[in-house]
Amino acid sequence: MGDIQMLLEMGFPKDKAEYAMKVTNYKGVEPAMEWLLAHVDEDIPGDVTGNTVGTSGANNAATTDSGQVEAPAAETATSSSAINQASEAKSLKCEDCGKLCKDQGELEFHAAKTGHKNFSESTEEKKPLTEEEKKRQLALIEEKLKQKRLEREEREKADAMERERNRIKSGKDMTEARKRLEELEMKKLVEQRKREKAEEKAARERVKAQIEADKARRKLSQQTQNMTPIASQGFQSVTSTTPAEPSIKIPSKEYTQTRIQIRLQDGSTLTETFNVKEQLSAVRVFIQMKTENGEPFGLMTTFPRKVFTVEDYDKPLDILGLVPSAVLIMTKANVA
């Protein structure tokens, strides 16, 4: 009913407004208004009811015996009915402003719009609009429609701007959340890298300490060996009076150091001298420090072929047969 109310506000009668909406299949105010303006002078089609007074016998004049035409009584009744119809109300008038309303619906609309309360029936018929009045009313209606269209466009524009602001805000929130997530991930990576560096540093410190301890042990061993000939000479001077044995066994040479050559995976080689009592893990640490290789790797010999296991890294070099020299090949960790 909102569209019909809008047509009533534009000044169209209620019955015509309802019929226009029905004819245009209730498609809206504009189609109904266009139909009304195109059929402004036409009456609304419908069942036409009327009272037909008299019959064919009543319409015919009665003939008397003398040959004179006598008007029937029904004709007199018809004349009086016409007089009464002439005095009947043809419109409704507002006593407050003098405006004529065609029907009860238009009167009710006028009363709701203006607040007037004094109305009466009037024999004055509401005249149809002139061409000038039609043009003025059409211009007024077009102005109202234009105003409503502008208001609708403003509302749509405001709604679009609000949606865009919400979209931009949502996008900013997503960007900030993604940025915070990236910062947290970067912080975790930095902390993990710091821990790894600290662990590597601690491992190197342990290796250095082990190397220093091995050096001190080798130095002490050398000092002990240097003192052994002096003790042997003293022992020989004391036992010089004893008869010489027919044959003397020359003890086998004992090695204190071994020379290790390492062939890296890229084809280059490293050579270093180690104490024979050092473990094979010391060679591995030496390779890690020289190559700065953090990936796991293994060691093996070719002649004879031997792949060192995890238990072998805790064994001394002389036990593994890497004395007085040996060639080690750096392999991948999964070599069997």
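Conventions adopted
Residues numbered from 1 in each chain as written. Predicted model: local features only at pLDDT ≥ 70, side-chain atom pairs only at ≥ 80, totals over all residues. Heavy atoms only, no water. Pairing = 2+ DSSP bridges. Helix = DSSP H or I, 4+ residues; strand = E, 2+ residues; numbered from the N terminus. Axes fitted to C-alpha atoms, helices over the stretch in contact; angles between N-to-C directions. pLDDT = per-residue confidence, 0-100. Contact = heavy atoms within 4.5 Å. Buried < 20%, exposed > 50% of the residue type's maximum accessible area, 1.4 Å probe, protein only. Salt bridge = Lys/Arg side-chain N within 4 Å of Asp/Glu carboxyl O. 1 Å grid on protein atoms, 1.4 Å probe; cavity = no way out; pocket = protein on both sides within 12 Å on 5 of 7 lines; lining within 4 Å. Points joined across faces, edges and corners; volume = space filled by probe spheres on them. Nonpolar A, V, L, I, M, F, W, Y, C, P; charged D, E, K, R; others polar.

Caption draft 1: Here's a closer look at the sheet that holds strand E7 (residues 269-275). With mixed pairing, the five strands of this open sheet are ordered in space as E7-E6-E10-E8-E9. Both edges of this open sheet fall to E7 and strand E9 (305-307), since each of them pairs with a single strand only. Going across the sheet, the axis of each strand differs from the next one's by a mean of 30°, ignoring polarity. By the bridge criterion, four bridges tie strand E8 (residues 297-302) to strand E10 (residues 325-332) in an arrangement that is antiparallel. Paired with Leu299 across the two strands is Met330, which belongs to E10.

Caption draft 2: Spatial organisation of the confidence of the model for the protein. Looking at the protein as a whole, the pLDDT averages 76, with 77% of positions reaching at least 70. Low confidence marks residues 47-83, where pLDDT is under 50. Its contacts with residues over four positions away, or in another chain, come to twelve contacts. A low-confidence stretch, residues 238-251 (pLDDT under 50), is modelled with zero contacts involving residues beyond four sequence positions or located in other chains.

Caption draft 3: Fine view of the environment of Leu264. Along the chain, the position of Leu264 falls in the loop between strand E6 (257-263) and E7. Leu264 sits in the buried class, given a relative accessible area of 13%. For Leu264 and Ile329, which are 65 residues apart along the polypeptide, the C-alpha to C-alpha distance reads 6.5 Å. Discounting residues that sit within four places of it in the chain, Leu264 has contacts with Leu270, Ile287, Thr291 and Met330.

Caption draft 4: A look at the pattern of salt bridges. Tallied over the entire structure, the rule returns nine salt bridges. When the shortest N-O distance is used, the salt bridge between Glu164 and Arg167 registers 2.4 Å. Of this pair, Glu164 and Arg167 are both found in helix H7 (residues 131-238), three residues apart, which corresponds to roughly one turn of the helix. For Glu164, a relative accessible area of 35% gives the class partly exposed. Under the relative-accessibility criterion, Arg167 is labelled exposed at 52%.

Caption draft 5: Layout of the layout of surface pockets. Of the pockets and cavities examined, the second largest pocket occupies roughly 400 Å³. Considering the residues around the second largest pocket, the lining is formed by 14 residues, among which Glu200, Arg204, Gln288, Asn293 and Gly294 are closest to the centre. Residue composition of the lining of the second largest pocket, grouped by class: six nonpolar, three polar and five charged.

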